[in-house]
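Fold and contact review
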Amino acid sequence: MSSSSAASKRPSDQELTQTYNSMKSELNQLAQKIGELETEADEHTLVVDTISPLDGDRKCYRLVGGVLVERTVKEVLPALKTNQEGIKAVTMQLVQKYKNKEDEFMAFQKKYNIQVKN
């Protein structure tokens, strides 16, 4: 009876495959989102570096909710820096989440002795 209860604890090959694919997909989605946010942070850095040396009263335009609005450099620069910091913070959180999920994924592979063959 103990052998049947031990066998019932191990998921079927189909369940293992589903779980494996699900975890792999989640890792890919996180990596993609991290990449998008890093690109956005780089764009913010580029804009901040470009407009920082400009006169604070100079006109600049900012896209807000799909609408281009006219502002001054001194109005836009603090908002850009705040957004940039927020993006970096979210990116760091996602990187940590990715590392945790990756550790979980590796433990899952090791627990069920899953080896990928190409």
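Structural notes, computed from the coordinates. Given the structure is predicted, the values throughout are model-derived calculations rather than measurements.

Definitions and limits used
- Every chain begins its residue count from 1, and numbering advances along the sequence as written.
- Whole-chain, interface and lining totals are the exception, using all residues; otherwise, since this is a predicted model, local features are given only for residues with pLDDT of at least 70 and side-chain atom pairs are given and counted only at 80 or more.
- To get the side-chain values, take all heavy atoms of the structure and skip hydrogens and water.
- What counts as a helix is a DSSP run of H or I of at least four residues, what counts as a strand is a run of E of at least two, and both are numbered from the N terminus.
- As a reference, a globule follows 2.2 Å times the number of residues to the power 0.38, and the radius of gyration itself is taken over C-alpha atoms.
- The cut-offs for exposure are 20% and 50% of the maximum accessible area for each residue type, with area from a 1.4 Å probe on protein chains only; residues under the lower value are buried, those over the upper are exposed, and the others partly exposed.
- The criterion used for residue contact is that any of the two residues' heavy atoms lie within 4.5 Å.
- Within this scheme the basic residues Lys and Arg register as positive and the acidic residues Asp and Glu register as negative, but His and the chain ends are omitted.
- By convention, the charge on Lys lies at NZ, on Arg at CZ, on Asp at CG and on Glu at CD.
- The pairing test for Phe, Tyr and Trp rings, Trp by its six-membered ring, is centres within 6.5 Å, and the orientation test on the planes gives stacked under 30 degrees, edge-to-face over 60, and tilted for anything in between.
- Candidates for patches are residues over 30% relative accessible area with no salt bridge; among them, like charges are joined within 9 Å and nonpolar side chains (Val, Leu, Ile, Met, Phe, Trp, Tyr) within 5 Å.
- Using the Shrake-Rupley algorithm and a 1.4 Å probe, accessible areas are obtained, with residue cover drawn only from the displayed protein chains.
- In what follows, salt bridge is the name for a side-chain nitrogen of Lys or Arg lying within 4 Å of a carboxyl oxygen of Asp or Glu.
- For two strands to count as paired, DSSP must find a minimum of two bridges between them.

So, the overall build of the chain
Per the secondary structure count, the chain includes three helices and two strands. The N-to-C order of helical and strand elements in the chain reads α-α-β-β-α. Taken against the 2.2 N^0.38 rule, which gives 13 Å for 118 residues, the C-alpha radius of gyration of the chain at 24 Å runs more than 25% over that of a compact globule. Per-residue burial for the chain yields a buried fraction of 21% across its 118 residues. Here the analysis covers contacts within the chain between residues at least 6 apart in sequence; of these, 63% occur between residues at least 24 apart. Side-chain charges in the chain split into 17 positive and 17 negative, and the spacing between the mean points of these groups amounts to 6 Å.

Here's the deal with the packing of aromatic side chains
By the definition in use, this model includes two aromatic pairs. For the ring pair Tyr 20 and Phe 105, a centre distance of 5.1 Å and an interplane angle of 40 degrees mean the geometry is tilted. With a gap of 85 residues between them, Tyr 20 in helix H2 (residues 13–51) and Phe 105 in helix H3 (residues 73–111) connect regions that are remote in the sequence. No difference in accessibility class separates Tyr 20 from Phe 105, as the two residues are buried.

Notes on a negative patch on the surface
A cluster of like negative charges, contributed by Glu 38, Glu 40, Asp 42 and Glu 43, occupies part of the molecular surface. Take Asp 42: it is sitting in helix H2. When its relative accessible area of 53% is taken as the criterion, Asp 42 is described as exposed.

Section: the side chain of His 44
Looking at the element boundaries, His 44 is found in helix H2. Excluding residues that lie within four positions of it along the chain, His 44 makes contacts with Leu 80, Asn 83, Gln 84 and Ile 87.

Regarding the pairing of strand S1 (residues 59–64)
Of the pairings in the sheet, the one linking S1 to strand S2 (residues 67–72) comprises six bridges and is antiparallel in character. Across the sheet, residue Lys 59 finds its bridge partner in S2, namely Thr 72.

Here's the deal with unusual backbone geometry
The backbone of Asn 113 sits at a positive phi, close to 50 degrees, despite the residue not being glycine. In this fold, Asn 113 is placed in the segment after H3.

Some details on the pattern of salt bridges
Under the defined criterion, the tally for this structure stands at four salt bridges. The shortest N-O distance in the salt bridge between Lys 33 and Glu 36 comes to 3.8 Å. Separated by three residues within a single helix, Lys 33 and Glu 36 lie in helix H2, roughly one turn from each other. When its relative accessible area of 39% is taken as the criterion, Lys 33 is described as partly exposed. What makes Glu 36 partly exposed here is its relative accessible area of 41%.

Describing a nonpolar patch on the surface
A surface patch of nonpolar side chains, about 370 Å² in accessible area, is lined by Tyr 61, Leu 63 and Leu 68. With respect to the element layout, Tyr 61 can be found in strand S1. The exposure class of Tyr 61 is exposed, given its relative accessible area of 52%.

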